[in-house]
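# Overview (structure and organization)
Take a look at the letters that make up each chain.
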Amino acid sequence: MSGNLILESAPHDLSVSTTGKVMRTLILTLIPALIATTWFYGFGTLITTLITIVSCVGSEALWLKLRKRRIAPVWRDCSALTTAVLLGLTLPPLLPWYLSVIGSVFAIIVVKQVYGGLGQNLFNPAMAGFVFLLISCPLPMTTYVDAMPDAYKIITPGRAAAIIFDVNSAEAEKAISQDLGAADYLKRIHEAERSVIADGFTGSTFLVDAKHEQPEKNVKFFAEAKASDFIFYGLLVKVVIAGCFLLGGILLIVKDIIDWRIPLSFLGVSTVLTAAFYFAAPELYLSPWHHLVYGATVFGAFYIMTDPVTAVSKPSAAWIFGGVIAVLFVIIRNLGGYPDAVAFSVLLGNACAPLISIMTRRREFGEGFKPENIND
Amino acid sequence: MSRWDKIRKGSLFSFKGGVFPPENKFTADMAIEHVPAPEYLTQPLKQHSGAPAEVLVKPGQHVLADEPLTSPKSAMQVPIHAPLSGTVVSVAMSGIPHPSGYMEPCVKIRCDVPGESGYGECYVNPSYPDYQNTDRETLLNHINRMGIAGLGGAGFPTDVKLRSSAKAENCQVLIINGAECEPYITCDDRLMRERADRIIEGIRILQYILNPVYTVVAVENNKPEAIRELNRAISSSGIPETRVTEIPVKYPSGAARNLITVITGIEIPYNARSTAYGIVVHNVSTVYAVADAVLRGKPLTHRIVTVTGSALKKQGNVEIPLGYSIKELMNHFGYTAPSVPRVIVGGPMMGFTIHDANVPVIKTSNCIIAPGEHEIERTKPQVNCIRCGRCARACPSRLIPYELYAFCVANEHEAALKCGLKSCIECGCCSFVCPSAIRLIAEFRQEKAQIKIEKIKKDRINAAKERFVLKQQRLAEEERLRAERKAAALAKIKSKPAAAAASGNDAAAVSGTESELEQRKRIALEKAAAIKAARLKAKAGASGSDASAGQTVSSEAKAESPVAASAQNPDLEERKRIALEKAAAIKAARLKAKAEASGTDTSAGQTVSSEAKAESPAAASAKNPDLEERKRIALEKAAAIKAARLKAKAEAEKAQSQTDTKGE
């Protein structure tokens, strides 16, 4: 026994958390949102997510192979899987498959692996992939499925796949329109909504439409009209989905997977700023409530900005990081040309992160304490 | 509510960071037991942080129990004592409990067996049962003499810690650390449960030495029985201004600075001493050892060790003599090696694995863990840091470990120091929580060592530079002096002809000022005249026809009576005497040279001097001191040469030993 004991460096006791576990927990907390999305928008999102998963994991494995690295970490740390799920949730549900693949490959190889792989990338891969597609082909990237009752029954997996892979897509679209036009279905929704749905089941998003109203200073009127129009399926669907992300985010905070400071700082600062814009010119800008519910605001706050690699993990810097993104977010949404500003503001925030990290300092233990403090 | 009220009421503060590893205190309910005396005890000379003391014993010497084996000569030296009576087998290098398996000088004792003469006999050390009437300095020296060093883990000499605070006379809060926050370890818990009264006695002694305003015994709330026992002991002893404060379980609450924060809310920076803030922290087992040493004169020869881990058949707490082999101890507890055998000395968070179990238990070893197959998971493969920030949230020193790690890996020493490397207490929280299984602590330790090496290198270079600059300065100074002398000599040579020319050109001025040359000339002339006169006088005296002398004394009379002659002609007499002396001196010198050549020593010199004396007593007596002086100088010179040679030798040895230590 003597002289052949195994040496190990302290601490010998380690907690059981691993990067893979962290990532898997994160993916699990996205399941409610995924179910809600499928419920309200049909199976398009699920199929797109599957496509991104296959292409993200595949491209990461391929790249590691080309770099002559071990491939096991791809499965073990699940980081590519997380990127894929996040990207799948952000892309329009019925996006042509090749765009999803291009976005995934770009996200994994150009944004992540080229920088050195896990932990080395400067930008959030999912958001960078999204922005890449948005800039490259704006039209399909801003065409979303309208929320509709029983969407999971109408946009069935088969129909969604047909549209996504462009195989008999015309027939699938016709079938969807027919189902939507069915008498028993139309009875169930508000009168004002029928005309909208009857136009077609896809279209530009609320935020894009609001943006179009901005030059005529009709934003407030538009928002009010929409609010009355979409009594149930418009606004409520958004609220439910945002609620799902909020729930998942709180779970992540409880599980100590994400830093609570970043979402709090982002949501707080952006609410204050959008409120300032709204009260200054209501006819030009949407209310903080609309900003919070529409678009990827809540999702971004909890799932995108908190990506540890591209965020700042220092406690003091996290506040600044969230605030910086919030300022960029409000400026782009209210004054910029793109309707959904989360992706852009996050990427710009990522670019600022190293600087923020360098410029903030954590108060070291004992700093500011004097011997006479004992008599305080 | 003021801070003092809070401390007195036991309301707690908290510190940022910390982790909650599984406690695994399996041995908490196992009473302190004893093991049979071993055959051999191996005591390393250095069992504390500081320098080893000087060895007092020789192989073959019989020592009694409690007899000091080493003796401290300076501060930071702590002696060791023989735990049991026995015979010193050797004082030699032997393995010590160290992660790198280092060897250090150890005293190996073969313990007496029952029936052997001297078995169980105790050396009597002084004790101070009425310490309250004893000088503090005496008590502090006694604590040092009893070999007490911090038993919590670091092994800092207790007397040094006490002395610095006692000297400053500013102790406000005395905190007795019974937190024992590391998993597995229960030895302090058992001590508090079983020997609370002795701990209270120790606290009284510390209170006498430090005179604190308030004393807090801090115990984590997972030791309810220890808390109950201490409370009972406090109330039964009536010790004033002392309380037991329950602190919540959290690792590392037992780290001195974090404990101070929990109790007082004060954070003491790592670059400051806690005594400067009026707070002193001592471990319970140290306090217990102080009580033993002061009241009973028992040196620190035994300690309580928790022996645990599922590779052992039974587990428990044992009070064992220091120097007991860990291997023997484990065998006593029924060790069977698992497929991945590991032995951890200390807790699972801050302890270290040893390569060879055949090393002794020392003053700072509080726990031996022999983990079984699936106990204490082995290191997972390390993956990339994703900067999740968990390490920062877990760090009790408020550092940003992931940032620090990046600097360490990149060998950015300056940046790492700026990032707070020195404040890292190596508690292991960051490594514990890291989801990427990064060995942060190992990297920090390595970086600290590297910085130390760099510093030593830099110091060495600076010293060499300084030496070089000094040498250059010295050489320049010598050169300058030489040049000055040369210039002065040249000036003198030049000024001579110039002066002569001046005297020739301007006689009046010369005679007026009576230049040196003129004066010397005058003196020479006068001398010549005097000699001539004397010669004439002598001639006149000898022929007896010199009427001008005005003396009636004949030349015969003069010859018969030299005294008269000398009185009559003192100058001549004087010159004769000088000539005689000179001759004697030359003779003596010649003799001396001869004696020196023949290698004879003082006796020869004496002979010479006696001979010289015989030849010319006056001259000899005049010359003798000179000889004596020269002899003395020669002897001194020889001694100086010898001393220089010895010094050079010593220096060479020193340099050798230095390179040895550096080589380590």
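Predicted model, so just to flag it, every value in this text is computed and none were measured.

Procedures and definitions
Residues numbered from 1 in each chain as written. Chains lettered and ligands numbered in written order. Predicted model: local features only at pLDDT ≥ 70, side-chain atom pairs only at ≥ 80, totals over all residues. Heavy atoms only, no water. Helix = DSSP H or I, 4+ residues; strand = E, 2+ residues; numbered from the N terminus. Buried < 20%, exposed > 50% of the residue type's maximum accessible area, 1.4 Å probe, protein only. Contact = heavy atoms within 4.5 Å. Axes fitted to C-alpha atoms, helices over the stretch in contact; angles between N-to-C directions. Left-handed = near helix turned anticlockwise from the far one by under 90°. Nonpolar A, V, L, I, M, F, W, Y, C, P; charged D, E, K, R; others polar. Domains from an automatic or database assignment. Buried area = accessible area lost by both parts, 1.4 Å probe. Salt bridge = Lys/Arg side-chain N within 4 Å of Asp/Glu carboxyl O. Polar contact = N/O pair within 3.5 Å; in protein donor to acceptor, adjacent residues only side chain to side chain. Core = buried A, V, L, I, M, F, W, Y, C linked by side-chain atoms within 4.5 Å. Pairing = 2+ DSSP bridges. Patch = residues over 30% accessible without salt bridge, like charges linked within 9 Å, V, L, I, M, F, W, Y side chains within 5 Å. Areas by Shrake-Rupley, 256 points an atom, 1.4 Å probe, with all protein chains shown as cover. pLDDT = per-residue confidence, 0-100.

Turning to the side chain of A:His290, a few remarks are in order. Residues and elements named next belong to chain A. Tracing the backbone through its elements, the reader meets histidine 290 in helix 18 (residues 288–293). When its relative accessible area of 11% is taken as the criterion, histidine 290 is described as buried. Histidine 290 has contacts with Phe206, Ala223 and Arg333, leaving out every residue within four places of it along the chain.

Right, let's get into the packing of helix 3 (residues 44–66) of chain A against helix 6 (residues 97–112) of chain A. Residues and elements named next belong to chain A. Remark: helix 3 packs on helix 6, axes separated minimally by 8 Å, with the N-to-C direction vectors making an angle of 35°. The handedness of the crossing between helix 3 and helix 6 comes out as right-handed. Along the contact surface, helix 3 presents Thr48, Ile51, Thr52, Ser55, Cys56, Ser59, Glu60 and Trp63, while helix 6 presents Trp97, Ser100, Val101, Ser104, Val105, Ile108, Ile109 and Lys112. In the contact of helix 3 with helix 6, the residues fall into 8 nonpolar, 6 polar and 2 charged.

Residues and elements named next belong to chain B. Its domain assignment divides chain B into domain 1 (1–25 + 139–298) and domain 2 (383–498). Between domain 1 and domain 2, the contact holds 12 residues from the first and 12 residues from the second. Between domain 1 and domain 2, roughly 930 Å² of surface is buried when both sides are summed, and carbon and sulfur atoms account for 67% of that area. Linking domain 1 with domain 2 are 0 salt bridges, by the criterion used here. On inspection of domain 1 and its partner domain 2, the count reaches 4 residue pairs in polar contact (both at pLDDT 80 or more). Residues that form the side of domain 1 that touches domain 2 fall into these classes: 7 nonpolar, 3 polar and 2 charged.

Okay, the nonpolar core next. Residues A:Leu30, A:Phe130, A:Phe245, A:Phe266, A:Phe299, A:Tyr303 and A:Phe321 are the most contacted members of the largest nonpolar core, which totals 79 residues. Per-element tally for this core: the top contributor is helix 20 (residues 315–335) of chain A, with 8 residues. There are two domains that each give this core at least three residues, and those are domain 1 (18–203) and domain 2 (206–360) of chain A. Ignoring any residue separated from it by four or fewer positions in sequence, one finds A:Phe266 in contact with A:Thr297, A:Ala301, A:Met305, A:Gly322, A:Ile325, A:Ala326 and A:Phe329. Residues B:Cys187, B:Ala196, B:Tyr208 and B:Leu295 belong to the second largest nonpolar core, which totals 54 residues.

Residues and elements named next belong to chain B. Of all 6 residues in strand 15 (residues 316–321), 6 are buried, a share of seventy percent or more. Burial along strand 15 is two-sided: Gly316, Val318 and Ile320 facing one way and Asn317, Glu319 and Pro321 facing the other are all buried. Of the pairings in the sheet, the one linking strand 1 (residues 32–34) to strand 15 comprises 3 bridges and is parallel in character. Bridged to glutamate 33 within strand 15 is valine 318. Across 6 bridges, strand 14 (residues 302–308) lies against strand 15 in antiparallel orientation. Opposite arginine 303, over in strand 15, you have isoleucine 320 as the bridge partner.

A separate point is the packing of helix 4 (residues 187–194) of chain B against helix 6 (residues 224–237) of chain B. All names here are of chain B. Running from N to C, helix 4 and helix 6 point in directions that differ by 35°, and their axes come no closer than 8 Å. When the axes of helix 4 and helix 6 are compared, the crossing they make is left-handed. Residues Asp189, Met192 and Arg193 of helix 4 touch helix 6, and the partners they reach there are Glu225, Ala226, Glu229 and Leu230. Classifying every residue of the contact of helix 4 with helix 6 by side-chain character gives 3 nonpolar, no polar and 4 charged.

Next up on the list: a nonpolar patch on the surface. Judged by side-chain polarity, A:Trp97, A:Tyr98, A:Ile102, A:Phe165 and A:Val167 come together as a nonpolar surface patch covering roughly 480 Å² of accessible area. For A:Phe165, the location among the structural elements is in the loop between helix 10 (157–164) and helix 11 (169–181).

All right, on to the confidence of the model for chain A then. This prediction gives chain A a mean pLDDT of 85; 90% of its residues lie at or above 70. Put simply, helix 13 (residues 191–199) of chain A is where chain A has its lowest mean pLDDT, 53, and helix 6 of chain A is where it has its highest, 95.

All names here are of chain B. Summed over the entire model, instances satisfying the criterion amount to 29 salt bridges over all chains. Between arginine 193 and glutamate 225 there is a salt bridge whose closest N-O contact spans 3.5 Å. Taken together, the residues span a long stretch of sequence, with arginine 193 in helix 4 and glutamate 225 in helix 6 at a distance of 32 residues. On the basis of relative accessible area, arginine 193 is assigned to the buried category, the value being 14%. The shortest N-O distance in the salt bridge between arginine 480 and glutamate 484 comes to 2.6 Å. In this pair, arginine 480 and glutamate 484 both sit in helix 14 (residues 440–505), 4 residues apart, roughly one turn of the helix.

Listed per partner, the contact involves 49 residues of chain A and 81 residues of chain B. For the chain A and chain B pair, buried surface summed over both sides reaches about 5,600 Å², with 53% attributable to carbon and sulfur atoms. Three residues, A:Arg362, A:Phe365 and A:Ile374, lead the burial of chain A against chain B; their summed loss comes to 16% of the area buried on that side. The tally of links between chain A and chain B comes to 4 salt bridges. We note a salt bridge from A:Asp256 to B:Arg393, for which the minimum N-O separation is 3.1 Å. At the boundary of chain A with chain B, the tally comes to 29 residue pairs in polar contact (both at pLDDT 80 or more).

As a further point, take the domain arrangement of chain A. Residues and elements named next belong to chain A. Entries for chain A in the domain assignment read domain 1 (18–203) and domain 2 (206–360). Taking only C-alpha atoms, the centre of domain 1 and the centre of domain 2 are 21 Å apart. Taken residue by residue, the interface counts 36 residues in domain 1 and 31 residues in domain 2. Both faces combined, the contact of domain 1 with domain 2 buries some 3,000 Å², and carbon together with sulfur accounts for 80% of it. If you look at where domain 1 meets domain 2, you find 0 salt bridges. The interface formed by domain 1 and domain 2 includes 3 residue pairs in polar contact (both at pLDDT 80 or more). For the side of domain 1 that touches domain 2, the elements supplying multiple residues, two or more each, are helix 1 (19–29), helix 2 (31–41), helix 5 (79–90), helix 7 (125–136) and helix 13.

Taken residue by residue, helix 10 of chain A has A:Arg159, A:Ala160, A:Ala162, A:Ile163 and A:Ile164 as its buried positions. Among the residues trailing helix 10 of chain A, A:Asp166 stands out with phi positive, at a value near 55°.

What follows is about the sheet that holds strand 9 (residues 103–111) of chain B. Adjacent strands of a sheet form backbone hydrogen bonds with each other and so pair up, either parallel or antiparallel. Residues and elements named next belong to chain B. Sheet architecture is open: 4 strands sit in the order 2-9-8-5, paired in antiparallel fashion. Strands at the two margins of the open sheet, each flanked by one partner only, are strand 2 (40–44) and strand 5 (62–63). Pairing of strand 8 (residues 86–95) with strand 9, which is carried by 9 bridges, proceeds in the antiparallel orientation. Residue pairing for strand 9: serine 94 is matched across the bridge by glutamate 104.

On to the sheet that holds strand 11 (residues 214–220) of chain B. Residues and elements named next belong to chain B. The strand order across the open sheet formed by 4 strands is 12-11-10-13, and the pairing between neighbours is parallel. Each edge of the sheet is formed by a strand with only one pairing partner; in this case those strands are strand 12 (242–247) and strand 13 (279–283). Sheet twist, expressed as the average angle between the axes of neighbouring strands with direction ignored, equals 25°. Bridge count between strand 10 (residues 173–178) and strand 13: 5 bridges; the pairing is parallel. Across the sheet, residue isoleucine 175 finds its bridge partner in strand 13, namely valine 281.

For the rest of this paragraph, the subject is unusual backbone geometry. A cis amide bond links A:Ala10 to the next residue, A:Pro11, at an omega of -5°. Mapped onto the elements of the fold, A:Pro11 is located in the segment before helix 1. Omega for the peptide link from B:Tyr251 to B:Pro252 comes to 0°, which places this bond in the cis form. Looking at the element boundaries, B:Pro252 is found in the loop between strand 12 and helix 7 (256–264). The phi dihedral of B:Asn24 is positive, around 50°, even though this residue is not glycine. Checked against the element boundaries, B:Asn24 lands in the loop between helix 1 (3–9) and strand 1. With phi around 55°, B:Arg398 is a residue other than glycine that occupies positive phi space. Locating B:Arg398 in the fold gives a position in the loop between helix 10 (390–394) and helix 11 (401–409). Among the residues examined, B:Arg398 registers a relative accessible area of 14% and is labelled buried.

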